[in-house]
Amino acid sequence: MLASSGVFAAMSWNVPVSRRVYHVITTLITIIATLSYFAMASGHASTFSCDTAWDHHKHVPDTPHEVCRQVFWGRYVDWALTTPLLILDLSLLAGIDGAHTLMAVVADLIMILSGLFASLGDSGTAQRWGWYAIGCVSYLFVIWHVGLHGSRTVSAKGSAVTRLFSSLAIFSLLLWTTYPIVWGIADGAHKTSVDTEIMIYSVLDVLAKPVFGLWLLISHRALADTKIDI
Ligand code: RET
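The paragraphs below set out a description of the structure included in this document.

Reading guide: rules and limits
- Residues numbered from 1 in each chain as written.
- Predicted model: local features only at pLDDT ≥ 70, side-chain atom pairs only at ≥ 80, totals over all residues.
- Heavy atoms only, no water.
- Helix = DSSP H or I, 4+ residues; strand = E, 2+ residues; numbered from the N terminus.
- Buried < 20%, exposed > 50% of the residue type's maximum accessible area, 1.4 Å probe, protein only.
- Contact = heavy atoms within 4.5 Å.
- Areas by Shrake-Rupley, 256 points an atom, 1.4 Å probe, with all protein chains shown as cover.
- Lys, Arg positive; Asp, Glu negative; His and termini not counted.
- Charge placed at Lys NZ, Arg CZ, Asp CG, Glu CD.
- Salt bridge = Lys/Arg side-chain N within 4 Å of Asp/Glu carboxyl O.
- Near = heavy atom within 4 Å.
- Polar contact = N/O pair within 3.5 Å; in protein donor to acceptor, adjacent residues only side chain to side chain.
- Disulfide = S-S within 2.5 Å.

### Focus: the overall build of the protein chain
Inference 1: Of the regular secondary structure elements, the protein chain holds seven helices and two strands.
Inference 2: Each helix (α) and strand (β) of the protein chain, taken in turn from the N terminus, gives the series α-α-β-β-α-α-α-α-α.
Inference 3: Structurally, the protein chain occupies a C-alpha span of about 80 × 35 × 20 Å along its principal axes.
Inference 4: Counting every position in the protein chain, which comprises 230 residues, the buried fraction comes to 43%.
Inference 5: In the protein chain, the proportion of contacts linking residues at least 24 apart, taken out of those at least 6 apart, comes to 74%.
Inference 6: For the protein chain, the exposed area adds up to about 11,900 Å²; of that, 72% sits on carbon and sulfur atoms.
Inference 7: Taken as two groups, the 13 positive and 15 negative side-chain charges of the protein chain have centres that lie 13 Å from each other.

What follows is the structure in structure tokens.
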């Protein structure tokens, strides 16, 4: 994340300041991720969410014991800041107006905070899956405002920008949809270890931030060379 921040900042070098907005947004995304991963790796930004589990025995009374799972809340702080910035990248690219962008960003914040509340709730409860469901509905609003609305507005920017937006939007849609699936299997149903969850999220984060950013900024340069200003 740190290395890609350096690369993105360097890529803005020959770009006039007035056309650097994608470079600024994209560099901020990886800087925030760098800080969040430092916080998680150095032992901060996580807590334990515990539940009482009951052991059933034949001849002894049922015995309770605590089952705890580590929850990295630092992830949600990262996502709460970086997913709105990713939405901003896509909205600017598609030429989406302020009202739709704002609605997408607020829906996105509700989605991420719902995920945080879900992960801190008691496992297997309506509270936990309730927040998860609210998060999923919010995600549909994000897709609607950015994906569906954006694919209409972007056509005014010509075929080259439309192609770029479509590719980036489909890439993001597939990638972003993996997060709630991973959450459901790992955090929700506890079907994987915390270590496995950490590794899957790391791979997804690298694709969603440095790979997405590199793709956007390289395309920005290629389009600028052909006098198309995104
Ligand atoms: C949660 C759980 C609640 C329901 C939904 C979720 C979606 C999360 C998403 C995260 C995207 C993160 C990205 C990070 C960038 O590096 C919060 C897991 C729908 C879509 C793109």
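### Remarks on the side chain of R75
Inference 1: Inspection of the secondary structure assignment puts R75 in helix α3 (residues 74-94).
Inference 2: Nearest to the buried, unbridged R75 among oppositely charged side chains is D205, at 4.3 Å.
Inference 3: Ignoring anything within four residues of it in the chain, the contact list for R75 reads Y37, M40, E197, I198, Y201 and D205.

### Some details on the site of the ligand
Inference 1: The full set close to the ligand counts 15 residues, and M111, W176, Y179, D205 and K209 are the nearest of them.
Inference 2: Here an oxygen atom of the ligand and a side-chain polar atom of D205 are 3.4 Å apart.
Inference 3: Within the side chain of K209, an N or O atom sits 2.6 Å from an oxygen atom of the ligand.
Inference 4: Against a free-state accessible area of 530 Å², the protein chains account for coverage of 100% of the ligand.

### A look at the state of the cysteines
Inference 1: With the rule as written, the count across this model stands at one disulfide.
Inference 2: Across the disulfide, C50 is cross-linked to C68 (sulfur-sulfur distance 2.1 Å). Residues C50 and C68 are joined through a disulfide that is right-handed, its torsion about the S-S bond being 110°. Residue C50 is found in strand β1 (residues 47-55), and its partner C68 is found in strand β2 (residues 63-71); the two are separated by 18 residues along the sequence.

### A word on the pattern of salt bridges
Inference 1: Following the criterion strictly, the structure yields two salt bridges and no others.
Inference 2: Of the charged contacts, one joins E197 and R69 as a salt bridge, the two residues approaching to 2.8 Å between their closest N and O atoms. Here R69 lies in strand β2 and E197 lies in helix α7 (residues 194-225), a separation of 128 residues in the sequence. For the pair E197 and R69, one class covers both residues: buried.

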